[in-house]
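Analysis of the macromolecular model
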Amino acid sequence: MLGIAIGVLFVTGLLSHYQYEPWSWLPEPAKPVWGYRLTQGIHVATGLATIPLLLVKLWSVYPNLFRFPPIRSVKRAIERVTLAILVATALVQVITGFLNVLNWYPFPWYFPTVHRFLAYVLVGSVLLHVGVKLPDIAYGLQARVREADVLTEVPWDENPESHSNAGTLPDPPTPGISRRGMLSAVGAGVGVVVLTTVGQTVTPLERLGLLAPRQWTKGPQGVPVNRTAEQAKIMAAATSPAWTLEVVGPRPYRLTLPDLEPRAVHEARLPINCVEGWSVGADWRGLSLLDVVLQAGGTIDSRILLISVEENWGFNHSFVEGPQLSAALLATHLNGQRLDLDHGYPLRLISPNRAGVLNTKWLNRIEVLT
Amino acid sequence: MKAWRIILAVSGIALAAFGVFRLVTEIAPHALLALVIWLLAALVLHDAVLAPSVVGVGWLLRRRISDRARRFLQLGLILSSLVTVVALPMIFLRGSQPAVKALLLRNYGANLLVLIGTIALASLILYAVQVARDRARSSTGSAARGAGE
């Protein structure tokens, strides 16, 4: 289970990384519009479920730590070191991942980069661990629980003390919770954690979200915000009546605030979905990005750079090309109201199947690059 | 099997080495040092503090509580502690973010109590069902013996 969870985390994590650094020959698709919402909802829900799974897994193998003699051979010593790497990276990955969801950064490194590289170390260690334990895993999956000892460090068929080689195991002297009871408890624990947190992305379950970090109903215009206007320090520039959108291309031009309203006739229902595992569908209205690009002399194959009034922040710009170009809106309205300042007033990008942070807010410049 | 083991181990080592290489070459030394400290701390805190306390609690329960009751107590405790691990950082960080982010606004402490209360109730009901079943079994057992006489 834990192995599957880590596999799911790795794949959904890489899918998200691709959003941030795509290869130019394979632009991010625009369909399905809920693609990123699904993969990142799964990533964070699985990550949260991994916390109980990991703790119980470590508890169940904890006695092996005290196996005596501690180092039987060079081979075992190496295995112990790799296991220490596996356990340490797994713990740090789930803890820092969770803290990132909570927007708390008590560490000096940049979270996304370290989370990604550490994931390679973790998944590599898991593959190695599975390779080492493969005979035990195959045996454990085939054998009946009472006849198998699947948690020994020594492969069962090389271990004369293994009860698999000496018949059925008697009941333990102090019958506490059974193996089946333990598995039920873990299943229920994972279930409770997922059910009470997943409301931050499965919106109908919001009321069940006793432990959900985000609450979409409490955000302005029914949508949470990640980077606030105050954090971004864009108040003056974004609320200025003299705001203009500069469109740079073969035929450059400018749009003023009054120019926006008559063009803001395109509507779309698109989710805004954050890599931190929350998402919510919303009704957007605005200008078609493609129309704006075509008017500047661009084409449907152009690569577009969108720039925010915000200064000094890594995500103050983003690129759109390929299928997303014809699907993207330059939004002026959200859920029937003029865009809130925290949502990117006067103009923001919203595109399907796209990481929330790449839907650049407070736009004032669009460049048609090719 | 042997081929699979080699493939898994080699690709695992390669992937992990690639991750370490990227970390060492792309992360600033002071951040890398902090990361190593975090990794060691996670290992030590888990293996020397968290796991022994769980084992200690288990040992205490085994000494003090009857086997039948202990099973249901264990069930309740496992569930509650798993939920608590997730809730604790949120209780600690509640209200730390600007309101518009709609993040960490709930009363996680109260919600955790609700969850633990529900878990306790469920464990208690399961325990009561078990006790009732055992009683019914022992009384039908003695009834059968009575009929045989």
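Residues numbered from 1 in each chain as written. Chains lettered and ligands numbered in written order. Predicted model: local features only at pLDDT ≥ 70, side-chain atom pairs only at ≥ 80, totals over all residues.

Another point: the packing of helix H3 (residues 74-101) of chain A against helix H4 (residues 111-142) of chain A. All names here are of chain A. One way to put it is that H3 packs onto H4 with a least axis distance of 9 Å and a crossing angle of 140 degrees. Of the two possible hands of crossing, H3 and H4 adopt the one that is left-handed. Contacts between H3 and H4 involve Glu79, Thr82, Leu83, Ile85, Leu86, Thr89, Ala90, Val92, Gln93, Thr96, Gly97 and Asn100 from the former and Phe111, His115, Leu118, Ala119, Val121, Leu122, Ser125, Val126, Leu128, His129 and Val132 from the latter. When the residues that make up the contact of H3 with H4 are grouped by side-chain class, the tally is 13 nonpolar, nine polar and one charged. (Axes fitted to C-alpha atoms, helices over the stretch in contact; angles between N-to-C directions. Helix = DSSP H or I, 4+ residues; strand = E, 2+ residues; numbered from the N terminus. Left-handed = near helix turned anticlockwise from the far one by under 90°. Contact = placed C-beta atoms within 7 Å. Nonpolar A, V, L, I, M, F, W, Y, C, P; charged D, E, K, R; others polar.)

The subject of this paragraph is the packing of helix H2 (residues 35-61) of chain A against H3(A). Residues and elements named next belong to chain A. Contact pair H2 / H3: the axes reach a minimum separation of 10 Å and the direction vectors enclose 145 degrees. Judged by the twist between their axes, the crossing of H2 over H3 is left-handed. Contact residues: Val44, Gly47, Leu48, Thr50, Ile51, Leu54 and Leu58 in H2; Val87, Ala90, Val94, Gly97, Phe98 and Val101 in H3. When the residues that make up the contact of H2 with H3 are grouped by side-chain class, the tally is 10 nonpolar, three polar and no charged.

That bond from Tyr345(A) to Pro346(A) is cis: its omega, 5 degrees, falls within 30 degrees of zero. Position of Pro346(A) relative to the elements: it lies in the loop between strand S8 (337-338) and strand S9 (348-350). Its identity as a non-glycine residue notwithstanding, Gln221(A) has a phi of 60 degrees, on the positive side. Taking the number of C-beta atoms within 10 Å as the measure of exposure, Gln221(A) has 17 and is therefore partly exposed. Within the chain, Leu104(B) stands out as a residue other than glycine whose phi angle is a positive 60 degrees. Note that Leu104(B) resides in the loop between helix H3 (67-93) and helix H4 (108-148). (Buried ≥ 20, exposed ≤ 12 C-beta atoms within 10 Å, placed from the backbone.)

So, on to the environment of Arg251(A). All names here are of chain A. Relative to the helices and strands, Arg251 resides in the loop between strand S1 (244-248) and strand S2 (253-256). Arg251 sits in the exposed class, given 12 other C-beta atoms within 10 Å. As for Arg251 and Ser302, which are separated by 51 residues in sequence, their C-alpha atoms are 14 Å apart. Apart from the residues lying within four places of it in its own chain, the contact partners of Arg251 are Ala296 and Gly297.

Residue and element names in this part refer to chain A. Between the first and last C-alpha of helix H1 (residues 2-20) there are 27 Å, a value that for 19 residues agrees with the 27 Å anticipated at 1.5 Å per step. Every buried residue of H1 is listed here: Ile6, Leu9, Thr12 and Gly13. Within H1, the buried residues cover an arc of 140 degrees as seen down the axis, which keeps them to one side. (Expected span 1.5 Å × (residues − 1). Arc of directions from axis to C-beta.)

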